Amino acid sequence: MVAEMTSKERVLSMLNRKQVDRVPVVTGSTMVKEYIEKSGGVWPDYHSNPEMMVNTAGLIHTDAGIDNVVVPFGMFIESHAVNLEVKMGRIDIQPSVRSFFSNPEEVKYDNFLEDKYVKTTLDAIKLAKERFPDAAVTAFLVAPVTLAGDLMGAENLSVLSIKCLQKEKQMQKMKNWISVALEINKIYARACVEAGADVLYYSDASASPNLVMPEFYYEVAVPAEKEIGDFVHSLGCPWELHICGNTTPIVEGMAATGANCLSVEQAVKMSEVTKIAGKVPVIGNITPLLMVEGSEEQITGAVRNALDGGAKASMLGCGTPPLSTSDRLKTWVKAVADWSAENL
């Protein structure tokens with residue numbers, strides 16, 4: 001029997017493959033409309049106001065009972081910091097990148113840490129650590145393939161991901177984009193860890209088999225993700241890797257990156273991917289839309305299916321939807337606690 005843990009202890013124990021008092025419940029994003037409104041947040045100010053950001057992100061921990069506090073709200077920060085155009089979305093839609101560069105040499109990142117949204121993230125991490133010392137404060141970051149896709153344009157990434165497997169010149173072109181993305185990744189990672197982040201959560205959505213071939217993932221994405229992962233570990237921080245879609249064909253590669261855990265979507269069969277991943281913890285697999293319109297029975301069933309399949313933490317298959325309701329989030333947390341009481 002493991003003694004009662006704080007949320008931070010629970011999450012870090014899971015990531016380090018140690019016993020836990022109950023299964024951790026974690027999220028990859030916390031831009032929930034209900035919590036924005038309850039905390040007095042104002043769109044789009046909470047993207048650039050660390051107080052508003054932490055007030056909102058903190059409620060998913062203090063009100064719903066989720067074990068981590070995640071900042072920032074979206075996958076646009078890195079792109080904005082290198083002067084790409086960003087559409088700020090709405091209170092229920094995350095910001096999105098709207099422009100791209102023609103070649104890697106155009107990307108300037110010397111003043112990356114001076115960007116207002118980067119500064120907000122770092123200040124929010126510090127504030128969250130101060131306000132919620134018992135929670136696992138997590139930085140939500142864009143992984144190298146997805147960032148390279150933002151820099152060159154998503155359609156260009158898709159085309160180049162095929163061409164680079166056929167011609168060495170095109171492979172060098174891809175590696176040049178990835179190299180720039182990794183330099184930006186490292187600057188941001190170091191700053192987040194120095195600000196106090198307990199965990200770095202990397203989303204590599206564009207590395208999904210839905211968008212690029214598995215051969216590309218193994219040849220290009222795995223080395224890139226491993227490079228940033230090794231760098232994060234050199235800073236003394238654990239990291240998580242999320243990739244969207246049916247990742248079954250690439251889970252072995254995901255596990256080879258050295259990530260402390262792998263986050264997967266509902267498109268995979270948890271019992272299958274946990275077997276492929278071996279000793280690397282796998283989390284996720286719960287349909288995010290259940291937090292918007294799911295019944296108690298549906299939520300409980302999805303939680304149990306994932307945990308019965310070998311998930312080491314309970315997480316949605318992607319970020320927490322902005323239109324999630326607090327009662328459904330609490331139902332999710334309770335279902336995990338009930339499963340833990342019966343099985344741990």
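Residues numbered from 1 in each chain as written. Predicted model: local features only at pLDDT ≥ 70, side-chain atom pairs only at ≥ 80, totals over all residues. Heavy atoms only, no water.

**Here's the deal with unusual backbone geometry**
Residue P44 is reached from W43 by a cis peptide bond, and omega for that bond is -5°. In this fold, P44 is placed in the loop between helix 2 (33-38) and helix 3 (50-62). Between V71 and P72 the backbone carries a cis peptide bond, its omega angle lying at 0°. Relative to the helices and strands, P72 is located in the loop between strand 1 (68-71) and helix 4 (77-81). A positive phi angle is found at N83, which is not glycine, with a value near 75°. Looking at where N83 falls in the secondary structure, it is placed in the loop between helix 4 and strand 2 (86-87). (Helix = DSSP H or I, 4+ residues; strand = E, 2+ residues; numbered from the N terminus.)

**Some remarks on the sheet that holds strand 7 (residues 261-264)**
The strand order 1-4-5-6-7-8 describes an open sheet built from 6 strands, whose pairing is parallel. Each of the sheet's edge strands pairs with one partner strand only, and the pair in question is strand 1 and strand 8 (282-284). Between one strand axis and the next, the sheet turns through 30° on average, direction left out of account. Lying over the sheet, helix 1 (residues 7-15) contacts strand 4 (136-142), strand 5 (199-203), strand 6 (239-242), strand 7 and strand 8, oriented at roughly 60° with respect to strand 5. (Pairing = 2+ DSSP bridges. Axes fitted to C-alpha atoms, helices over the stretch in contact; angles between N-to-C directions. Contact = heavy atoms within 4.5 Å.)

**Points about the nonpolar core**
Counting 110 residues, the largest nonpolar core has L151, L200 and W332 as the members making the most contacts within it. Per element, the largest residue contribution to this core is 14 residues, and it comes from helix 8 (residues 168-195). If sequence neighbours within four positions are ignored, W332 has contacts with V25, V26, I66, I286, M291, I299, V303, S314, M315 and L316. (Core = buried A, V, L, I, M, F, W, Y, C linked by side-chain atoms within 4.5 Å. Buried < 20%, exposed > 50% of the residue type's maximum accessible area, 1.4 Å probe, protein only.)

**Comments concerning the packing of helix 6 (residues 144-152) against helix 7 (residues 154-163)**
At their nearest, the axes of helix 6 and helix 7 sit 6 Å apart, and the two run at 115° to each other. Between helix 6 and helix 7 the crossing geometry is right-handed. In this structure, helix 6 uses V145, G149 and M152 to contact helix 7, whose residues at the interface are A154, N156, L157 and L160. Residues belonging to the contact of helix 6 with helix 7 are distributed by class as follows: 5 nonpolar, 2 polar and no charged. (Left-handed = near helix turned anticlockwise from the far one by under 90°. Nonpolar A, V, L, I, M, F, W, Y, C, P; charged D, E, K, R; others polar.)

**Some remarks on a positive patch on the surface**
Together, K163, K167, K169 and K173 give the surface a local cluster of positive charge. Along the chain, the position of K169 falls in helix 8. (Patch = residues over 30% accessible without salt bridge, like charges linked within 9 Å, V, L, I, M, F, W, Y side chains within 5 Å. Areas by Shrake-Rupley, 256 points an atom, 1.4 Å probe, with all protein chains shown as cover. Salt bridge = Lys/Arg side-chain N within 4 Å of Asp/Glu carboxyl O. Lys, Arg positive; Asp, Glu negative; His and termini not counted. Charge placed at Lys NZ, Arg CZ, Asp CG, Glu CD.)

**Looking at the pattern of salt bridges**
Counted by the stated rule, this structure contains 15 salt bridges. The salt bridge involving D198 is made with K8; its shortest N-O contact spans 3.4 Å. Taken together, the residues D198 in the loop between helix 8 and strand 5 and K8 in helix 1 connect sequence positions 190 residues apart. A relative accessible area of 9% means that D198 is categorised as buried. A salt bridge links D67 to R22, with the nearest nitrogen and oxygen atoms 3.2 Å apart. Taken together, the residues D67 in the loop between helix 3 and strand 1 and R22 in the loop between helix 1 and helix 2 connect sequence positions 45 residues apart. A relative accessible area of 0% places D67 in the buried class. Counted as one network, the salt bridges with shared partners bring together R10, D21, R22 and D67.

**What to know about the packing of aromatic side chains**
In this structure the tally under the stated criterion is 6 aromatic pairs. Residues F112 and Y188 carry aromatic rings whose centres are separated by 5.3 Å and whose planes lie at 65° to one another, so their mutual orientation is edge-to-face. Of this pair, F112 sits in the loop between strand 3 (96-97) and helix 5 (116-131) while Y188 sits in helix 8, and the two are 76 residues apart along the sequence. With respect to burial, F112 and Y188 carry one shared label: buried. Look at Y202 and W239: their rings are 6.2 Å apart centre to centre, the planes differ by 80°, and that puts the pair in the edge-to-face class. Highlighted residues: Y202 in strand 5 and W239 in strand 6, separated in sequence by 37 residues. (Phe/Tyr/Trp six-rings, centres within 6.5 Å; stacked < 30°, edge-to-face > 60°.)

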